[in-house]
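Topology and contacts: notes
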Amino acid sequence: METAVTSSAVMEIRISCPPVMAGYLEELLWTLDGVESVGEYYKSDSSTDQTQLSDLTHVAVFTRNPLGEDLVKVLMVDNPKLMKVCDIIETRWLEEKDWAESWKQHWHPTSITEKLTICPSWEAYEPKSADEVVLKLDPECAFGTGTHETTQLMLKALEKLADGIDFSRVNLLDVGTGSGILAIYAAKRGCREVRGIDNDPLAVKTAIQNAKLGEVDSVVDFTDTPLGELCQTRYDVMVANIIAPVILELFPEMLLRLNPGAHFFASGLIATSVGKVEDAMRETGFTDIQRQQQGDWFALSGVYKA
């Protein structure tokens with residue numbers, strides 16, 4: 001008996017691939033139309049089971065696009081090296097409420113650094129020290145639980161920056177805010193003004209709720225207004241945890257919104273794309289460009305010398 005597909009349903013497509021290809025596959029999947037989330041999974045359905053297959057891992061993409069499976073197949077055909085080693089192993093429709101609830105049982109407090117922990121809103125957590133920042137989150141269907149390498153790279157970079165400069169004099173723009181995690185952390189560290197933008201209205205709604213959870217909703221403003229239509233306020237710090245093609249597409253608009261001497265952080269980058277973003281930064285006046293890596297993912301930082 002087939003499951004009835006409703007307007008609130010989400011398609012889950014699981015793909016097997018060699019671990020070395022997982023980052024590359026994830027980045028490409030994010031470019032598909034209608035993608036809600038992409039994640040790397042393990043041998044069992046429980047993300048707490050850290051026993052990975054020796055030669056294969058599973059990547060799952062969630063989308064509302066009824067042509068999702070066809071889009072993935074075309075993606076593989078257009079990338080021969082994926083076609084040779086990756087296979088779609090499962091496609092199923094999930095009701096949004098089932099999707100939103102199913103992963104919660106596997107997500108627990110995550111320590112990013114000694115002074116930063118991400119905690120699900122439905123779990124209790126006692127800080128280990130007086131100066132530990134605890135971010136309470138309920139990401140719903142938005143990207144950003146703190147478990148992904150790109151998010152952790154960006155949080156660590158922001159922590160280092162906040163430890164080194166006076167954040168009370170800083171305004172920050174988070175491009176592709178997802179669950180709002182980076183923007184909310186910046187506000188928690190004392191940023192005087194924070195704005196997060198995302199093209200997904202659901203992500204914006206989720207981020208607003210998370211800002212209220214974190215009691216920083218008076219400081220953080222979230223919107224789905226496209227970057228190109230956003231007023232040209234200039235920012236002291238900008239973060240963009242998306243993917244390289246989108247960063248490069250938005251780069252001219254980003255530059256228009258950076259103060260001279262502003263700090264810029266970009267992630268969602270893999271080995272084949274990090275150099276392209278780094279070159280773009282170098283060619284447009286960034287100095288002190290640094291590269292950080294965690295797993296298959298990279299982050300870049302630089303200071304804008306317009």
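Residues numbered from 1 in each chain as written. Predicted model: local features only at pLDDT ≥ 70, side-chain atom pairs only at ≥ 80, totals over all residues. Heavy atoms only, no water.

Quick word on the packing of aromatic side chains
In this description, an aromatic ring pair is defined by two values, namely the gap between the centres and the angle between the planes. If you walk through the whole model with that rule in mind, you get 4 aromatic pairs. Arranged with centres 6.0 Å apart and planes meeting at 35°, the rings of Phe251 and Phe286 form a pair that is tilted. Residue Phe251 is located in helix 8 (residues 244-255), and its partner Phe286 is located in strand 13 (residues 286-294); the two are separated by 35 residues in the primary sequence. Classification of Phe251 as buried rests on a relative accessible area of 5%. Overall, the relative accessible area of 5% leaves Phe286 in the buried class. Members of the aromatic cluster, each reached through a chain of ring pairs, are Phe251, Phe264, Phe286 and Tyr304. Over the ring of Tyr24 we find Lys81, and its NZ or CZ is 4.3 Å from the ring centre. Its guanidinium or amino end placed over the ring of Phe298, Arg291 lies 5.7 Å from that ring's centre, counting from NZ or CZ. (Phe/Tyr/Trp six-rings, centres within 6.5 Å; stacked < 30°, edge-to-face > 60°. Helix = DSSP H or I, 4+ residues; strand = E, 2+ residues; numbered from the N terminus. Buried < 20%, exposed > 50% of the residue type's maximum accessible area, 1.4 Å probe, protein only. Lys NZ or Arg CZ within 6 Å of the ring centre and 35° of its normal.)

Structural notes on the sheet that holds strand 7 (residues 133-137)
Sheet architecture is open: 3 strands sit in the order 5-6-7, paired in mixed fashion. Because the sheet does not close on itself, it has two edges, and the strands there are strand 5 (110-113) and strand 7. Recorded for the sheet is a direction-independent mean angle of 25° between the axes of neighbouring strands. Summarising the sheet, strand 5 and strand 6 (residues 116-120) pair through 3 bridges and their orientation is antiparallel. If you follow Ser111 over to strand 6, its bridge partner there is Thr117. The strands that helix 6 (residues 181-188) touches are strand 6 and strand 7; relative to strand 7, the one it contacts most, it runs at about 145°. (Pairing = 2+ DSSP bridges. Axes fitted to C-alpha atoms, helices over the stretch in contact; angles between N-to-C directions. Contact = heavy atoms within 4.5 Å.)

Regarding unusual backbone geometry
The phi angle of most residues is negative, glycine excepted, and most peptide bonds adopt the trans form. Phi is positive for Glu215, close to 60°, though the residue is something other than glycine. The topology assignment puts Glu215 in the loop between helix 7 (201-213) and strand 10 (220-223). One non-glycine residue with positive phi stands out, namely Asp288, at about 50°. Topologically, Asp288 is positioned in strand 13.

With respect to the sheet that holds strand 13
Pairing is mixed across the open sheet formed by 7 strands, whose spatial order is 10-9-8-11-12-14-13. Sheet topology places strand 10 and strand 13 at the edges, where each strand pairs with a single neighbour. Put simply, the sheet's adjacent strands are angled 15° from each other on average, direction ignored. Running over the sheet, helix 9 (residues 274-283) touches strand 12 (258-269), strand 13 and strand 14 (297-304) and is turned about 165° from strand 13.

What to know about the pairing of strand 7
Within strand 7, 4 of the 5 residues are buried, which leaves it mostly tucked inside the rest of the structure. Of the strand pairs in this sheet, strand 6 and strand 7 are connected by 5 bridges, and their pairing is parallel. By the bridge assignment, Thr117 is partnered in strand 7 with Val134.

Re the packing of helix 5 (residues 149-164) against helix 6
Running from N to C, helix 5 and helix 6 cross one another at 20°; their axes reach a closest spacing of 10 Å. One element, helix 5, and the other, helix 6, form an angle in the roughly parallel class. Handedness of the crossing formed by helix 5 with helix 6: right-handed. Each of Thr151, Met154, Leu155, Leu158 and Glu159 in helix 5 lies in contact with helix 6, whose residues at this interface are Ile181, Leu182 and Tyr185. Class assignment of the residues belonging to the contact of helix 5 with helix 6 gives a composition of 6 nonpolar, 1 polar and 1 charged. (Parallel < 35°, antiparallel > 145°, perpendicular 65-115°, else oblique. Left-handed = near helix turned anticlockwise from the far one by under 90°. Nonpolar A, V, L, I, M, F, W, Y, C, P; charged D, E, K, R; others polar.)

Overview of the pairing of strand 13
For a regular strand, the rule is simple: side chains alternate between the two faces of the sheet. Both strand 13 and strand 14 contribute to a ladder of 7 bridges, which runs antiparallel. Paired with Phe286 across the bridge in strand 14 is Tyr304. The turn linking strand 13 back onto strand 14 is made up of 2 residues, and Gly295 within it adopts a positive phi angle of 65°.

Thoughts on the confidence of the model for the protein chain
With 88% of its residues at a pLDDT of 70 or more, the protein chain has an overall mean of 87. By mean pLDDT, the top-scoring element of the protein chain is strand 8 (residues 171-175) (98), and the lowest-scoring one is helix 4 (residues 96-102) (67). Of the regions scoring below 50 in pLDDT, residues 42-54 engages in 17 contacts with residues more than four places distant in sequence or in other chains. (pLDDT = per-residue confidence, 0-100.)

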